[in-house]
Amino acid sequence: MHILVVGAGKVGHMIAEHLAREEHDVTVIDRSDEVVHRIDDTLDVMCIRGNGANASTLLEAGADKADIIIATTASDETNMLCCLIAKRLGAKFAIARIRDPEFNESLALLQREMGIDLAVNPERATALEISRLLRFPFASNIEAFAKGRVEMVEFRALEKDAVVGIPLREIHHKLRGIPHVLYAAVERSGSAIIPNGDFVIEPGDRVHVAADMVTITTYFRYLGKNSLRVKDVMMLGGGRISYYLARMIVPMGIHVSMTEINEKKALDLSEALPEVNVIYGDGTDQELLDQEGLAQMDAFIALCDRDEENLMTGLYAVRQGVPKVVVKNNRGGYDDIINAMGLDSIVSPKAITCAYILRYVRQRENATGTRVERLYKLMDGKAEALEFIARPSDPYVGIPLKDLTIRPGTLVAVIVRRGKVIVPFGNDHIEAGDSVVILVRESGVSDLNEVIRK
Amino acid sequence: MNKRLVIRLLGAIMLIEALAMLPSMLISIVTHDGCVQAFLNTIAILCLCGMPMWLLARPKESNLRAREGFVTVALAWVILSAFGALPFVFSGMIPNYVDALFESVSGFTTTGATVFANFEGAPKGIMFWRSFTHWIGGMGVLVLTLALLPSMTGRASHLARAESPGPSFSKIVPKMGDSAKILYIIYAVLTIVEFGVLMLCGMGPYDAAIHAMGTAGTGGFSNYGASVGAFDSALIDGVITFFMVLFGINFALFYRVLTGGWRDALKSEELHWYLGIFTVCTLGVTLLIMPQYGSFVQSLRYGSFQIASIISTTGYATADYNLWHPAAQMLVLFVMFTGACAGSTAGGMKVVRVALLSKLAGREVRHTFQPRKVQVVRFEGKGTDENILAQTAVFFFAYIALILIGCFLVSLEGKYGFAANFTAALTCVNNVGPGLAEIGPMYNFAGYGPFGKLILSLLMLCGRLELFPILVLFHPAIWRKG
């Protein structure tokens, strides 16, 4: 597909990088010479220096023939204008990053009038992700597949966990009554493993299990991990993510405390969020945190602007015995190091926005030919989960999995048939119309037939 | 330095060269010229060396950084020329390896300077290979590699940038592999069109192929001692003049014409400069040589051919310009400097650099009496990046320095006078072919000794890759770690 990315900041660069790797024809527009040079050096994309809201620049970039335009400049207004003009010029699908809550209120109208097919709000998307983590505090990461029917949950295996030290194929003999979940992937000392039956989970492994929501919940109850319910949350920083998150979790009956260093902002927040306990002060100050009862909190969420302060305060909260700590960190590539320090849940608005946009691009692509329904990057991009719909003409349909050749490093994780989730064994088979989720270690799989053969 | 990746790429290049010898071998088989064995031996050697490099070097990462890009391009050209010389040696046509290397470098760099004195009865397969090297070298071997194996490297832009002529490389479509493919398709189609037109003008298929490839790559090898002059046909002169000018134009413009943007393509500022220089110099030469040839039309025929041949750095000849008016000879020297457009198959300094340097000079003059005026150098309707301007100025210095040093080294042999030695360095750096005096269009380079030929070969490689990739090889820091 021909895709235009306007504005190559952190998110724009990451999106362009992924799309180029997936063999799309990508054109990047940015105003800065320096940015254009850097992109030109590192990515196989076309670069154009100019203003993305300028019709002639858009035409030069081929907006009239573009399948998708993605506007991720720093300004909401520019993004909307880009989409409006590109759509008028003939672009087929427009995605804009719009982050100002002011616009959010009239978003539906704006989208319709501006021709924006998808508006992405990074802060809102991040808040949504965090709220999911708070619902399952034992998980350090949650992904939903097959329209939310299947959840894949990541947790860190501890010494005391019953599943540790037993080969996967024997778990069901040794542990009576353990719910049947799929051990989808394991991350050990920084590398991804797609486990087979002989695999033994060790303490410290980051295990990804998949099943439907109910099974997952009973599974974690069996492991004794689900005892915690989050009732009291403290947030560091009163930015947009905190605002959205508070709006989401207050109705769930969660009590929220929020520290904000700027007096004016603190007042505004207090006015906008009457149920929230807004504290005016420096949230990185240990004195203040102790005074506000950090040690008694069920969860601590560090969301201030500076990644380093989030990490430091997050580590302090872990030391104080807060059971669930989530930190915001936009800098990619350090996840392994941060995990090793004891912080499990890291959210990156940049990565979340990028993943969100890429998911839509892939859906569009699906409409025009390639067959991946949805694609999820797992473990910092080390593995991918892909969702396909099996077609009647596919050769593997109706044949038990144990009689098929499945490429090494690939796992058929879940089959969803008429709304029912099946964690497949060798005797199960794929039927036409099934949603099939597979896990692979490499990227670039675009068809189920590439990995499953008769 | 990711040495394994470089080795793997070089292996691929050698295999591609082996592949590229097949058409010439076919000609050898068809014409029974007795050189099949020479090709077979070379192909065997290439496969024996290339295959293990390609198969056994397993790079840990496929990331090609600037240093690997430059080193790969430079070494690829050295290797290509070194092995490309073997058929000449094995066939016994040029028994001396240094001579054969000179011929091969001259072919790949599309210079067209030759050590042959006598073409009568030369084996057809070998002559075809000699011209085929022009065709491959014109658009670039790594561009060909990118077109054939786009997935081989992660970041290919450094390869294309090091090999493609012009101050900055711009892709014509987002993907490097696709860009390379489109360029080669345009190139091949234009070459075939020229081949057809030459056949219609009465050339035999073999002569037409040799001259079509020589023009397309802007090389200049002919299978006649008198070059294109041997046909003595105004029609053929005209056709070749047209195609020489055509192959000096940026190929991105052809793509724009194909996609319907011909109005846009005609607006290209570089094209205006190029055609402007060509027209002015042609008229100048025509008027200066009129006393010699008598009629205006006849002078225009020889004048336009020679200017087209030199500005596109092809190097064909229909007349001996050694005998022309000295001012006409100076105009020939002048277009030798400018060369043609960036992004074409031509050599030389490139019109775009001449244009930028002229504008830069104008700006500096203005700056002396109006120091506070902010001046942006505009080209193609856009302000030019100051970095590019600085690079262009440095390039010009390095270019002149290289010519002077080359001229000095060649003069050490003490064979010829200043005119021959200077124009030999100049013509080699610019990949033109003929020079003045003893190496004029009707003579050849056989008179130089082995040392001179090696120096000139190096100059040709430097010129083809626009100096820096070759110079990088001599910088000690490139071989260090980190």
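Residues numbered from 1 in each chain as written. Chains lettered and ligands numbered in written order. Predicted model: local features only at pLDDT ≥ 70, side-chain atom pairs only at ≥ 80, totals over all residues.

As for the overall build of chain A
On a plain count of helices and strands, chain A comes out with 16 helices and 24 strands. By the compact-globule yardstick of 22 Å for 454 residues, chain A fits well, its C-alpha radius of gyration being 23 Å. On the principal axes, the C-alpha backbone points of chain A span a range of 65 × 65 × 40 Å. Nonlocal contacts in chain A, meaning residues at least 24 apart in sequence, comprise 61% of its contacts between residues at least 6 apart. (Helix = DSSP H or I, 4+ residues; strand = E, 2+ residues; numbered from the N terminus. Rg over C-alpha atoms; globule rule 2.2 N^0.38 Å. Contact = placed C-beta atoms within 7 Å.)

So, the sheet that holds strand E18 (residues 374-378) of chain A
Residues and elements named next belong to chain A. Strand order across the open sheet formed by 5 strands is E18-E19-E23-E21-E22, with antiparallel pairing between neighbours. Every interior strand has two partners, whereas the edge strands, E18 and strand E22 (420-422), have only one. For this sheet the average axis-to-axis angle between neighbouring strands, irrespective of direction, equals 20 degrees. As paired strands, strand E21 (residues 410-417) and E22 are joined by 3 bridges and run antiparallel to one another. Bridge assignment links Ile 415 to a residue of E22, and that residue is Ile 422. (Pairing = 2+ DSSP bridges. Axes fitted to C-alpha atoms, helices over the stretch in contact; angles between N-to-C directions.)

Examining the domain arrangement of chain A
The domains assigned to chain A are domain 1 (2-120), domain 2 (138-222), domain 3 (232-351) and domain 4 (390-453). With centres defined by C-alpha atoms, the gap from domain 1 of chain A to domain 3 of chain A works out at 32 Å. (Domains from an automatic or database assignment.)

What to know about the interface of chain B and chain A
Facing the 9 residues of chain B at the interface are 10 residues of chain A. Split into classes, the residues belonging to the side of chain B that touches chain A amount to 4 nonpolar, 1 polar and 4 charged. (Nonpolar A, V, L, I, M, F, W, Y, C, P; charged D, E, K, R; others polar.)

Some thoughts on the sheet that holds strand E10 (residues 191-193) of chain A
Residues and elements named next belong to chain A. Spatially, E7-E8-E11-E9-E10 is the arrangement adopted by the 5 strands of the open sheet, whose pairing is antiparallel. Since the sheet does not close on itself, it has two edges, and those belong to strand E7 (141-145) and E10, each with one partner. Averaged over all neighbouring strand pairs, the angle between strand axes comes to 20 degrees, with direction disregarded. One ladder, built from 3 bridges, connects strand E9 (residues 182-188) with E10; its direction is antiparallel. Paired with Val 186 across the strands is Ile 193, a residue of E10. Packing of helix H9 (residues 213-222) onto the sheet brings it into contact with strand E8 (150-156) and strand E11 (206-212), and relative to E11 it is tilted by some 135 degrees.

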